[in-house]
Amino acid sequence: MQQIIRPLLIVIGIIMLLSIITGWVAALTIPPITNHQEQMSDNSFNLQTGSAPIGDTNVEKLVKVLNKAYSDEWFAYHQYWIGSKIVRGPNKEAVIAILTLHATEENQHVVLLLTRIIQLGGTPVLEPRDWYRLTYCGYDAPTDPDVIKVLEQNIKSEQCSINMYNNLLVETRDKDPVTYTIVLGILQMEVEHKEDLQALLDDTIVMTNP
Ligand SMILES: [Fe+2]
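**Student:** Which residues make up the packing of helix α3 (residues 59–86) against helix α4 (residues 92–119), and what are the values?
**Tutor:** The N-to-C vectors of α3 and α4 enclose an angle of 160 degrees; their axes lie 8 Å apart at closest approach. When the axis of α3 is compared with that of α4, the two are roughly antiparallel. For the crossing formed where α3 meets α4, the hand is left-handed. Across the contact of α3 with α4, the residue classes break down as 16 nonpolar, 7 polar and 3 charged.

As structure tokens, then:
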């Protein structure tokens, strides 16, 4: 009987030893399970918001593009605001009301872009003089206060903003849904701005040439 039990115990012992060694090897070779946030930290995304981009988004490049748009939004805000203060001519009150409303909404765009830049771990443009260096659309000072000229100038700026945000939509589509959604919302407002201004310009031209 002992002749049977002894080899059996030896075989069982070898199997147990192999199991232990296999467990050690697995523990050393299989990467530890990480949660979603730990995986994202490798890409320097913001961990607090859970709003990290997906796919192969280059976050540094995205922040640069958002800072360009951020600079443009400050210019857009100022162009509307200062325009509302100096505009002269027929239909002036209606134009002032629209310019003031648009200035407020451009300021909201500034805040939206600022928030997203910070969420991505970036730094918003800190120096106003850098707005000129980074701007996509530039800044048209309303040197002529004529109501027609002011409206035309702002329509031109809105068209440029629409082009800029269309490009940004293409860049973020299927890569960063959070930024994409923000940009889409801003773009919709810029389109409405342009339509408002165009309607107001048409009315003002009719009033000027009855
Ligand atoms: Fe805007």
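**Student:** Run through the packing of helix α6 (residues 147–172) against helix α7 (residues 177–208), naming residues and quoting values.
**Tutor:** Interhelical geometry of α6 versus α7 gives an angle of 160 degrees and a closest axis separation of 9 Å. Put simply, α6 runs roughly antiparallel to α7. Crossing geometry of α6 relative to α7 is assigned as left-handed. Its residues placed into classes, the contact of α6 with α7 shows 18 nonpolar, 9 polar and 4 charged.

**Student:** Could you give an account of α7, with specific residues and numbers?
**Tutor:** The α-helix advances 3.6 residues per turn, and as a result positions three or four apart in sequence lie on the same side. Between its first and last C-alpha, α7 extends 46 Å over 32 residues, near the 46 Å set by a 1.5 Å rise per residue. Within the span of α7, buried status applies to Thr-179, Ile-182, Val-183, Ile-186, Glu-190, His-193, Leu-197, Leu-200 and Thr-204.

**Student:** Residues and numbers for unusual backbone geometry, please.
**Tutor:** Unusually for a residue other than glycine, Asn-91 sits at a positive phi of about 65 degrees. Examined against the element boundaries, Asn-91 turns out to sit in the loop between α3 and α4. Judged by local crowding, Asn-91 falls into the buried class, with 20 C-beta atoms found within 10 Å. You will see that Asp-174, though not glycine, has its phi angle at about 65 degrees, which is positive. Mapped onto the elements of the fold, Asp-174 is located in the loop between α6 and α7. Asp-174 gets classed as exposed once you count the C-beta atoms within 10 Å, which come to 10.

**Student:** Can you break down the environment of Pro-145 residue by residue, with the values?
**Tutor:** Inspection of the secondary structure puts Pro-145 in the loop between α5 (129–134) and α6. Given 14 C-beta atoms within 10 Å, Pro-145 falls into the partly exposed group. For the pair Pro-145 and Gly-89, spaced 56 residues apart in sequence, the C-alpha separation works out to 8.2 Å. With near-sequence residues (within four places) excluded, Pro-145 lies in contact with Ile-86, Val-87, Arg-88 and Val-150.

**Student:** Could you give an account of the environment of Glu-152, naming the residues involved and the relevant values?
**Tutor:** Along the chain, the position of Glu-152 falls in helix α6. In sequence terms Glu-152 and Gln-198 are 46 residues apart; their C-alpha atoms lie 8.2 Å from each other.

Criteria and thresholds
Residues numbered from 1 in each chain as written. Predicted model: local features only at pLDDT ≥ 70, side-chain atom pairs only at ≥ 80, totals over all residues. Axes fitted to C-alpha atoms, helices over the stretch in contact; angles between N-to-C directions. Helix = DSSP H or I, 4+ residues; strand = E, 2+ residues; numbered from the N terminus. Parallel < 35°, antiparallel > 145°, perpendicular 65-115°, else oblique. Left-handed = near helix turned anticlockwise from the far one by under 90°. Nonpolar A, V, L, I, M, F, W, Y, C, P; charged D, E, K, R; others polar. Expected span 1.5 Å × (residues − 1). Buried ≥ 20, exposed ≤ 12 C-beta atoms within 10 Å, placed from the backbone. Contact = placed C-beta atoms within 7 Å.

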